[in-house]
Amino acid sequence: MIMIEARAVTRWYHEWIAVFIALLLTAATVSVLLASLGLDPISSLQRIFIRPLNSVYGVSELLAKATPLITIGVALALGFRAGVWNIGAEGQLVMGGLCGGAVALAFWNIDGFWVMPLILLGGTLGGLAWGAIPAFLKVRFNANEILVSLMLTYVAILLLSVMVHGPLRDPTGFNFPESRLFHDAATLPKLFSAGRGHLGFVFALIFAVLGTWVVKRWHLGFEMRVTGLSTSAAKFAGYNRDRTVWMALLIGGGMSGFAGVVEVTGNIGQLVPNISPSYGFTAIIVAFLARLHPLAVIPAGLLVALSYLAGEAAQLSLGIPAASTQVFQGLLLFFLLGTSLLVNYRIRFGRVA
Amino acid sequence: MTESVAIAERLSASSKQCLGVRGLSKFFGDFAANRDVTLSIDAGEIHALLGENGAGKSTLVKMIYGILKPDAGSMELLASSYSPNNPSDAKSAGVGMVFQHFAVFDALTVLENIALGLEGRFPDEALAAEILEVCERYRLHVELDRRIHDLGAGERQRVEIIRVLMQDPRLLILDEPTSVLTPQETEQLFTTLDRLSDEGRSIIYISHKLDEVRALCDRATLMRAGQVVDVVDPRQESTRSLGEKMIGERLNETKRTQVTEAHSQKARFTVRVGDVYPESTRNVVLTDVYLSVAPGSILGISGVSGNGQDTLFDALTGELTLPNPDSMVLDGEPLAHLDVEQRRLRGLLGAPENRLGHAAIPDLTLWENVILTARHTRGILKNNHLISGTSAKEFAEEVIATFDVRTPSVNAKASSLSGGNLQKFLIGRELLGNPKVFIVSNPTWGVDAKAQLFIHQMLLKLADQGASIILISQDIDELLSVTDRICAICHGRLSRTFSTEEMTPEHLGALMLGQEIDS
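Residues numbered from 1 in each chain as written. Chains lettered and ligands numbered in written order. Predicted model: local features only at pLDDT ≥ 70, side-chain atom pairs only at ≥ 80, totals over all residues. Heavy atoms only, no water.

S.K.: Kindly report on the nonpolar core, identifying the contributing residues and their values.
M.R.: Judged by nonpolar contacts, the single largest core of 84 residues is most densely connected at A:Ile48, A:Ile70, A:Leu76 and A:Leu271. Of all hydrophobic cores here, the second largest spans 64 residues; its members include B:Leu460, B:Leu480, B:Ile486 and B:Met512. (Core = buried A, V, L, I, M, F, W, Y, C linked by side-chain atoms within 4.5 Å. Buried < 20%, exposed > 50% of the residue type's maximum accessible area, 1.4 Å probe, protein only.)

Below, the structure written as structure tokens:
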């Protein structure tokens, strides 16, 4: 008989052991899948997970993919700690890209050091505004932020599509649904000679450090955490739930918007109908993989970014569809949630006492 | 010894002994919840099981009722070997138990609930007739077609007792049966129990109310740290001597000394308000609240749980703000419109009844829990925004040292402390903030006797230092021994306030039931 019983003592490292077990289980399951396709698991795993990192180009690509994941992951970690479930980071990212991109296009032929900050500000405000909608509806009408933020994601994606097909389309672009290319002054500098890794990654690292500081030292971060843990204790302490909802969604929206504008100015260089391979959704996995610790979001973001590269590598070198990315990510999230049970409970074999 | 003599001896023993427990032990990991417990209960005896929280009383009765299996030892019921595998074995052997938390279905009627507890019976006329007969015999009044959610705690308990009596038990276990009852309801319960014992049924009565045990029980087994420490005749003992045996050390008398002359008798904190509507419709609406407290004085508010105490606490501490600022005045300053934090800054502090989840957050450490209410003292919050972990830890250390909180460190989670230690910490957290007015709700609920005493002394000392205290409590003994003035709350209305010296338990019970409160 197998029994699950509560642990008498929980230690901090249990969480990380659980993460490690989840990674092992994911690797094991992927191996089984690869073997069932008639491939040698060990060499295949090496080809899809290790080889992409063997060059400056590979590392640079990894950082490019990790940039939005870390930026958004930090923001979501703060919000989730507060019990505010912002599922619409993808939409906020798209709005950030769209608004920041619009600013970049307004100055498409102008050079100046002030252009870039203006673009970043525009993108951040775009995401902030998109995050403010579910916050307002939650505070005013107690509307569920999960549903509102999720639905607004599709509105944002369609809005981007309308703009790129219409007003923001490149006048000299033969009617392709793409904007003009941004001016050099409106693109973020690259970090390496190869690949697409750009300055945005440095911003992401700064955010992770700032996020940690907010959690550990800033009273507002404590207030948000308390509100997430117990509303009635928060009330007794004199903390305002509405303020927490606003803060969580504005931080989430603003930083997702920032990630969006960084993506279009650092990575893509113009506006296109599809600016994100679901970074906003994947960042949810990243936040939980990091157990909602902002600093741990950095390795988590890098790891999940690797799953994107692995998907591409699987397609290129093994002939497996690129959709395998989603399989990798899905397995990882599944095992993470499963093993998180082990943090507070343990499995015991034996007879009923 | 010849065989016939042995049989005769056993028969005579069986006519006398109902339950025999020999060398019973139960371990949870390394922790001995019960160690070598031996006890004997005669037929028709009302036997008290006394001990602090965690002394092992619950573990023992759970083994007798078949919920837990002992690791060692044996039991004998009515002269035959007894080892129940589950409660249903226990029931068929003649053991019945009334739990502290009622296991009844709110949406069903009394009759349906009783039928559910009896295997193979349906809520039909025949059953109703049998129930009424039992009710008649034991003078337990209850209406069979009423739904449980319409009933008060005392009536619900009667339903549980009837359900158990329908199984014709030889041994009845009652776990803290009077914790939810008014004095009048307690009297009624005692009458029923006396009758059951006259019929030769045995009763195990778990309680920590020493007065009751002395009034009701024939013998008392005292438990401490999982072991039996003494078996006494409670009628030969004083409440004090019982208490000392239970805790294992001498108690200091808690008695209210007269309010010293130095403190003026003039009210410092007054509340005068018409209706108070709670945020949740589940809480009781308050009507015509008027109360006032002088410096150095303790006002007690008694009442059966669920009569508006939650709303009152919220309104007093500021979790619920009132539209008219003047409905609450502290030292001449209106503050009814102010929120918790603003009232706290003006010296009005509180300690809610629910320790984990309201007063403290179980998953946070003690020093983090300090930040919740004490952040504006001792530089815990710098520039209003930055948390100083060092200051918060120092504050927590001071609370722990000053109020004798037993905990490994300030980094322990709030949930890891025992009820008494956590309560000492939480009240201490407020007391270090030098409250002018301190609102406290059921401070000793679920707290062991020693911590209870300590907490009472904390409150008395605070009053001696000149603070005004409002003590909302269901514990009548506590109210009568600690307060200066006393009133009762019933259906959201407050009774008149009386001097505690003139108050008797009977009078207070009447007030708790809403008598003398004009509506």
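S.K.: Residues and numbers for the packing of aromatic side chains, please.
M.R.: The description of two aromatic rings rests on the distance between their centres and on the angle between their planes. Tallied over the full model, the rule gives 14 aromatic pairs over all chains. Their ring planes at 10° and their centres at 6.4 Å tell us that A:Trp85 and A:Phe288 sit as a pair that is stacked. Here A:Trp85 is found in the loop between α3 (56-81) and α4 (89-106), whereas its partner A:Phe288 is found in helix α11 (residues 279-289), with 203 residues between them in sequence. Residue A:Phe288 is classed as partly exposed on the basis of its relative accessible area, which comes to 27%. Considering the side-chain rings of A:Phe203 and A:Phe258, the 5.5 Å spacing of their centres and the 80° angle between planes classify their relative orientation as edge-to-face. With A:Phe203 in helix α7 (residues 200-216) and A:Phe258 in helix α10 (residues 241-268), this residue pair connects regions lying 55 residues apart in the sequence. The exposure class of A:Phe203 is partly exposed, given its relative accessible area of 25%. The rings of A:Phe80, A:Trp85 and A:Phe288 are connected pair by pair, giving a single aromatic cluster. For the cation-ring pair, A:Arg180 lies above A:Trp108, with the distance from its terminal atom to the ring centre recorded as 3.7 Å. A cation sits over an aromatic face here: B:Lys424 above B:Phe454, 4.8 Å from the ring centre. (Phe/Tyr/Trp six-rings, centres within 6.5 Å; stacked < 30°, edge-to-face > 60°. Helix = DSSP H or I, 4+ residues; strand = E, 2+ residues; numbered from the N terminus. Lys NZ or Arg CZ within 6 Å of the ring centre and 35° of its normal.)

S.K.: So what's going on with the domain arrangement of chain B? Which residues, and what values?
M.R.: Residues and elements named next belong to chain B. Under the domain assignment, chain B is made up of domain 1 (3-94 + 168-247), domain 2 (260-347 + 436-446 + 453-519) and domain 3 (357-434). For domain 2 and domain 3, the distance between their C-alpha centres works out to 25 Å. The partner domain 3 presents 14 residues to the 14 residues of domain 2 that form the contact. Between domain 2 and domain 3 the total buried area reaches about 1200 Å² when both faces are included, carbon and sulfur atoms providing 69% of it. Interface area lost by domain 2 to domain 3 is led by Arg344, Phe454 and Met458, which between them contribute 40%. At the junction of domain 2 with domain 3, the criterion picks out one salt bridge. Two residues, arginine 375 and glutamate 341, come together in a salt bridge whose shortest N-O distance is 3.1 Å. The interface formed by domain 2 and domain 3 includes four residue pairs in polar contact (both at pLDDT 80 or more). Among the secondary structure elements, those contributing two or more residues to the side of domain 2 that touches domain 3 are α11 (340-345), β19 (437-441) and α15 (449-464). It is α15 that provides the largest number of residues to the side of domain 2 that touches domain 3, a total of four residues. (Domains from an automatic or database assignment. Contact = heavy atoms within 4.5 Å. Buried area = accessible area lost by both parts, 1.4 Å probe. Salt bridge = Lys/Arg side-chain N within 4 Å of Asp/Glu carboxyl O. Polar contact = N/O pair within 3.5 Å; in protein donor to acceptor, adjacent residues only side chain to side chain.)

S.K.: Please provide a residue-by-residue account of the packing of helix α12 (residues 297-318) of chain A against helix α13 (residues 324-344) of chain A, values included.
M.R.: All names here are of chain A. With their axes 8 Å apart at the nearest point, α12 and α13 run at an angle of 145° to one another. As α12 packs across α13, the resulting crossing turns out to be right-handed. In this structure, α12 uses Leu303, Val304, Ser307, Tyr308, Ala310, Gly311 and Ala314 to contact α13, whose residues at the interface are Ser324, Thr325, Phe328, Gln329 and Leu332. A class-by-class count of the residues in the contact of α12 with α13 yields seven nonpolar, five polar and no charged. (Axes fitted to C-alpha atoms, helices over the stretch in contact; angles between N-to-C directions. Left-handed = near helix turned anticlockwise from the far one by under 90°. Nonpolar A, V, L, I, M, F, W, Y, C, P; charged D, E, K, R; others polar.)

S.K.: Tell me about the environment of B:Arg121, residues and numbers included.
M.R.: Residue and element names in this part refer to chain B. Relative to the assigned elements, arginine 121 resides in the loop between α4 (110-117) and α5 (125-138). With residues up to four places along the chain from it excluded, the contact list for arginine 121 reads Ala115, Ala126, Leu127 and Glu130. Of the polar contacts made by the side chain of arginine 121, one reaches the side chain of glutamate 130; its length is 3.0 Å.

S.K.: Go over the interface of chain A and chain B, please, and point to the residues and values.
M.R.: Each partner contributes residues to the interface: chain A has 16 residues there, and chain B has 25 residues. Here chain A meets chain B over a buried area of about 2000 Å², counting both sides, of which 60% is carbon and sulfur. A per-residue breakdown of the area chain A buries against chain B is headed by A:Arg217, A:Lys235 and A:Phe236, which together make up 36% of the total. Taken together, the links from chain A to chain B amount to one salt bridge. Here B:Glu368 and A:Arg225 are joined by a salt bridge, their closest N and O atoms 3.2 Å apart. The tally of links from chain A across to chain B stands at 11 residue pairs in polar contact (both at pLDDT 80 or more).

S.K.: Residues and numbers for the sheet that holds strand β6 (residues 95-98) of chain B, please.
M.R.: Residues and elements named next belong to chain B. Pairing in this open sheet of six strands is mixed, and the strands run β6-β7-β8-β3-β9-β10 from one edge to the other. Edge strands, defined here as strands with exactly one partner in the open sheet, are β6 and β10 (227-232). Neighbouring strand axes in the sheet, compared pairwise and without regard to direction, differ in orientation by 20° on average. Where strand β3 (residues 46-50) lies against strand β9 (residues 219-224), four bridges are found, and the strand directions are parallel. Residue pairing for β9: histidine 47 is matched across the bridge by arginine 219. The strands that helix α6 (residues 153-165) touches are β6 and β7 (171-175); relative to β6, the one it contacts most, it runs at about 175°. Those strands touched by helix α7 (residues 183-198) are β3, β7 and β8 (202-207), and its axis lies near 145° from that of β8. (Pairing = 2+ DSSP bridges.)

S.K.: Got a sec to walk through helix α10 (residues 309-317) of chain B? Specific residues and values, please.
M.R.: Residue and element names in this part refer to chain B. Counting buried positions along α10 gives eight out of nine residues, so the element sits mostly inside the fold. Among all positions in α10, only Gln309, Thr311, Leu312, Phe313, Asp314, Ala315, Leu316 and Thr317 are buried. Residue glycine 318 follows α10 closely and has a positive phi angle near 105°.

S.K.: Tell me about a nonpolar patch on the surface, residues and numbers included.
M.R.: All names here are of chain A. A cluster of nonpolar side chains, Leu53, Val56, Val59, Leu191, Phe192, Val202, Ile206, Leu210 and Trp213, forms an exposed patch at the surface whose accessible area comes to about 700 Å². Among the elements of the structure, α3 and α7 are those that each provide at least two residues to the nonpolar patch. Looking at the nonpolar patch, the element that brings in the most residues is α7, giving four residues. Relative to the helices and strands, leucine 191 is located in the loop between α6 (145-165) and α7. (Patch = residues over 30% accessible without salt bridge, like charges linked within 9 Å, V, L, I, M, F, W, Y side chains within 5 Å. Areas by Shrake-Rupley, 256 points an atom, 1.4 Å probe, with all protein chains shown as cover.)

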